[in-house]
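# Overview (structure and organization)
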Amino acid sequence: MEFSTTTAGSLPLIKTPALAVGVFQDGILSPAADALDRACGGKLRAIARAEFDASPGSSLTLHALEGITADRVILLGLGRQPDYRAEALARAHQALASTCLKAGVSGAVTTLCALECPDADLTQRARLVARVVTAATYRYDTTFSTRPPAAKWRNLALHLTRTQAAQARAGLVQGAAIGAGVNLARQLGDLPANVCTPRYLGRTAKDLAREFKTLKAEVLDQKKIEALKMGSFLSVARGSAEPPVFITLRHTPSAASARKAPPIVLVGKGITFDAGGISIKPAAAMDEMKYDMCGAASVLGALRAAAELDLSREIIGIIPSCENLPSGTANKPGDIVTSLSGQTIEILNTDAEGRLILCDALTYAERFKPEAVIDMATLTGACVVALGHVNSGLFTRDEDLAARLLAAGREALDPAWRLPLEDAYQDMLKSNFADTANIGGRPAGATTAACFLSRFTGKYRWAHLDIAGTAWLQGKEKGATGRPVPLLMQYLLAQCPA
Ligand code: BES
Ligand code: MN
Ligand code: ZN
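Residues numbered from 1 in each chain as written. Chains lettered and ligands numbered in written order. Predicted model: local features only at pLDDT ≥ 70, side-chain atom pairs only at ≥ 80, totals over all residues. Heavy atoms only, no water.

### Describing the pattern of salt bridges
On inspection of all chains with the given rule, the structure shows 25 salt bridges. Put simply, Asp34 and Arg38 hold a salt bridge, and the shortest N to O gap is 3.2 Å. With a gap of four residues between them, Asp34 and Arg38 both fall in helix H1 (residues 31-39), about one helical turn apart. Look at Arg38 and you get exposed, because its relative accessible area is 61%. Among the ionic pairs, Asp400 bridges to Arg404, the shortest N-O distance being 2.9 Å. Here the residue Asp400 and the residue Arg404 both occupy positions in helix H12 (residues 399-411), the gap between them amounting to four residues, near one helical turn. (Salt bridge = Lys/Arg side-chain N within 4 Å of Asp/Glu carboxyl O. Helix = DSSP H or I, 4+ residues; strand = E, 2+ residues; numbered from the N terminus. Buried < 20%, exposed > 50% of the residue type's maximum accessible area, 1.4 Å probe, protein only.)

In structure tokens form, the structure reads like this:
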């Protein structure tokens with residue numbers, strides 16, 4: 001998808017297959033809709049009043065309006081004018097995208113970004129629109145026997161004043177890159193586990209490094225992981241015939257002056273299938289455990305976007321990846337393993353495997369002397385119980401990092417909610433036979449998982465995002481969401497000196 005700006009003078013005379021204008025509830029037209037209404041003799045307002053409720057996400061296509069050059073005018077509902085926020089802007093452009101894709105138009109012009117919005121400046125509005133439109137073009141078709149023809153829609157132009165256009169362009173470039181990162185994360189999540197194996201993730205990292213010159217990939221195989229002594233990670237991998245990989249994907253800004261700040265490290269859980277191991281899961285919905293690598297996918301998606309934008313700060317992605325299966329070589333409840341940190345772990349439940357692979361990756365992250373480490377993981381069913389599918393769970397002891405990540409999530413419409421991470425919960429991880437147990441029992445399950453991770457993060461500022469409820473949708477709409485790539489990119493952009 002190509003994004004551009006246009007400053008063409010007269011809206012009614014713009015030649016485009018689709019011209020989008022905003023309409024508020026109670027019959028209030030945006031300035032652009034009002035201009036078109038005057039050109040067509042009041043017809044637009046009459047139709048909007050009679051048959052358009054203008055709720056957020058609604059749309060109505062008007063064909064061949066007299067006095068208007070565009071092939072069709074698309075009314076986009078923005079909700080009540082006093083409540084207008086960036087979320088309505090995003091939903092309007094999702095509706096625009098689905099209309100344009102269905103109609104098979106080749107291009108469209110949107111007038112909505114010119115509208116002031118209390119929670120998003122122009123750059124942010126353009127970023128959001130480019131991101132959601134790019135994401136709306138995602139279609140999973142890899143494993144069907146016949147693939148549908150490619151979509152015809154090629155470009156979207158934002159109609160703005162000349163001064164606005166300059167500001168918006170940076171946002172469009174960012175949004176397109178973030179959208180591409182989101183779509184990469186979704187594609188990796190949606191692929192079945194017999195295709196998207198640990199080695200496949202490793203290959204994807206190598207492919208990204210070939211495509212973007214600021215990226216360097218290192219993929220360690222089982223022997224190298226053994227040499228590093230990642231005993232906890234390896235104990236999970238042992239149950240599967242599919243070998244583990246340990247991926248490091250590093251973005252180094254092309255400007256030498258931008259390489260001085262310490263790096264930000266992103267760590268992603270890369271369990272390409274989680275059957276639970278010997279503590280095997282029930283059969284219902286077990287297919288969804290192909291999504292247990294969505295943390296890893298979001299790291300790859302964020303690094304792709306960081307590289308495409310050549311962010312002015314070093315970003316390092318770390319991914320431990322393997323399968324969690326039951327077998328004669330699998331780890332067993334009661335087994336005790338030694339992590340890379342030297343701490344011993346009693347594995348009381350082999351289904352609490354995410355933390356077992358992440359702890360070694362978190363220890364490995366120390367070597368980069370990071371500014372901050374953020375890990376993403378589909379870590380606990382308990383987080384889904386607590387927060388549903390709306391918010392990702394945020395855990396950190398660092399108030400400043402919490403504030404930055406929560407703000408980033410809010411701004412990117414990819415929200416997180418902070419959950420407790422206090423020492424009082426650490427007792428639940430006590431083991432009679434090792435330094436720590438890998439589970440803390442049913443109460444506060446998302447917190448005790450985070451507490452376990454915290455034992456490996458003493459050397460740097462750290463936050464953990466539990467994305468078990470937000471990384472994919474269930475039911476008829478089953479599919480990966482690409483979250484939390486938007487949150488991560490909003491955060492990273494804010495940490496990059498201009
Ligand atoms: N990958 C799962 C968490 C999960 C479950 C995410 C369902 C999304 C939906 C994780 O590895 C797991 O199995 N966690 C256990 C931990 C328990 C054994 C302490 C869980 O949440 O049940
Ligand atoms: Mn599990
Ligand atoms: Zn898991």
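### Focus on the sheet that holds strand S3 (residues 59-63)
Spatially, S1-S6-S5-S2-S4-S3 is the arrangement adopted by the six strands of the open sheet, whose pairing is mixed. Of all strands in the sheet, those bounded by a partner on one side alone are strand S1 (2-6) and S3. On average, each strand axis in the sheet is inclined to that of its neighbour by 25°, with strand direction left out of account. When strand S5 (residues 107-110) meets strand S6 (residues 155-159), the two strands line up parallel, connected through four bridges. Paired with Val109 across the two strands is Ala157, which belongs to S6. Strands strand S2 (19-23) and strand S4 (72-77) of the sheet are contacted by H1, whose axis makes an angle of about 110° with S2. (Pairing = 2+ DSSP bridges. Axes fitted to C-alpha atoms, helices over the stretch in contact; angles between N-to-C directions. Contact = heavy atoms within 4.5 Å.)

### A closer look at the sheet that holds strand S12 (residues 336-338)
In space, the three strands of this open sheet follow the order S12-S13-S17, with mixed pairing throughout. Strand pairing shows two members of the sheet lacking a second neighbour, S12 and strand S17 (436-437), which therefore form its edges. Sheet topology places S12 next to strand S13 (residues 344-346); three bridges connect them, and they run antiparallel. Bridge pairing in S13 links Val337 to Ile345.

### Describing the packing of aromatic side chains
Within this structure, the stated rule accounts for six aromatic pairs. Relative to Tyr364, the ring of Phe246 lies with its centre 4.7 Å away and its plane at 70°, an arrangement referred to as edge-to-face. Within this pair, whereas Phe246 is found in strand S8 (residues 245-251), its partner Tyr364 is found in helix H10 (residues 354-364), the two being separated by 118 residues in sequence. The two residues Phe246 and Tyr364 agree in class, both being buried. Members of the aromatic cluster, each reached through a chain of ring pairs, are Phe233, Phe246, Tyr364 and Phe368. (Phe/Tyr/Trp six-rings, centres within 6.5 Å; stacked < 30°, edge-to-face > 60°.)

### Concerning the environment of Gly104
With respect to the helices and strands, the residue Gly104 is situated in the loop between helix H3 (86-103) and S5. Considering only alpha carbons, one finds Gly104 and Asp119, 15 residues apart in sequence, at a separation of 33 Å.

### A few points about the domain arrangement of the protein
Segmenting the protein into domains produces domain 1 (2-137) and domain 2 (178-495). Using only C-alpha atoms to locate each centre, domain 1 and domain 2 end up separated by 39 Å. At the junction of the two partners, domain 1 supplies ten residues and domain 2 supplies twelve residues. Carbon and sulfur atoms supply 57% of the area that domain 1 and domain 2 bury against each other, a total of about 800 Å² over both sides. When the buried surface of domain 1 facing domain 2 is broken down by residue, Arg127, Arg131 and Ala135 rank first, second and third, together holding 60% of it. Connecting domain 1 to domain 2 are zero salt bridges. Linking domain 1 with domain 2 are six residue pairs in polar contact (both at pLDDT 80 or more). Contributions of two or more residues to the side of domain 1 that touches domain 2 are made by H3 and helix H4 (122-136). Of the residues forming the side of domain 1 that touches domain 2, the biggest block, six residues, is contributed by H4. (Domains from an automatic or database assignment. Buried area = accessible area lost by both parts, 1.4 Å probe. Polar contact = N/O pair within 3.5 Å; in protein donor to acceptor, adjacent residues only side chain to side chain.)

### A word on the coordination of the zinc ion (ligand 3)
Bound to the zinc ion (ligand 3) are the protein donor atoms Lys269 (NZ), Asp274 (OD), Asp292 (OD) and Glu353 (OE), situated 2.0 to 2.4 Å from the metal. Every donor counted, the six donor atoms about the zinc ion (ligand 3) form angles of 79 to 176° at the centre, which fits octahedral coordination. Between the zinc ion (ligand 3) and the manganese ion (ligand 2), a separation of 3.2 Å is found, and both are coordinated by Asp274. With Asp274 in strand S10 (residues 270-274) and Asp292 in the loop between S10 and helix H9 (294-308), this residue pair connects regions lying 18 residues apart in the sequence. By the burial criterion, Asp274 is buried, and Asp292 matches it. (Donors = N, O, S within 2.8 Å, 3.2 Å for Na, K, Ca; no water. Tetrahedral: all angles 85-135°; square planar, octahedral: opposite > 155°, others 65-115°.)

### Thoughts on the coordination of the manganese ion (ligand 2)
Protein coordination at the manganese ion (ligand 2): the donors are Asp274 (OD), Asp351 (O), Asp351 (OD) and Glu353 (OE), at 2.0 to 2.2 Å from the metal. One can describe the donor arrangement at the manganese ion (ligand 2) as irregular, given that its six donor atoms subtend angles of 71 to 169° at the metal. Sequence positions of the donors to the manganese ion (ligand 2) reduce to the motif D-x76-D-x1-E. Under the relative-accessibility criterion, Asp274 is labelled buried at 3%.

### Some points on H10
Across the eleven residues that make up H10, a large majority, eleven, are buried. Turning to H10, its buried residues number three or more, namely Gly354, Arg355, Leu356, Ile357, Leu358, Cys359, Asp360, Ala361, Leu362, Thr363 and Tyr364.

### Observations regarding the site of ligand 1
The environment of ligand 1 is made up of 16 residues, and the closest members are Lys281, Asp292, Asp351, Glu353 and Gly381. Between ligand 1 and Lys269, the relevant distance is 3.2 Å, taken from an oxygen atom to a side-chain nitrogen or oxygen of the residue. Here an oxygen atom of ligand 1 sits 2.7 Å away from a polar atom, N or O, in the main chain of Gly381. Protein burial of ligand 1: of its 520 Å² of free accessible surface, 77% is covered by the chains. (Near = heavy atom within 4 Å. Areas by Shrake-Rupley, 256 points an atom, 1.4 Å probe, with all protein chains shown as cover.)

### Concerning unusual backbone geometry
Cis geometry is found at the peptide bond from Arg483 to Pro484, where omega equals 5°. One can find Pro484 in the loop between strand S20 (479-480) and helix H14 (485-494). If you check the backbone angles, Lys229 has positive phi at about 70° while not being a glycine. Locating Lys229 in the fold gives a position in the loop between helix H7 (222-228) and helix H8 (231-237). A positive phi is found at Ala444, a non-glycine position, where the angle reads about 50°. Here Ala444 lies in the loop between S17 and helix H13 (445-454).

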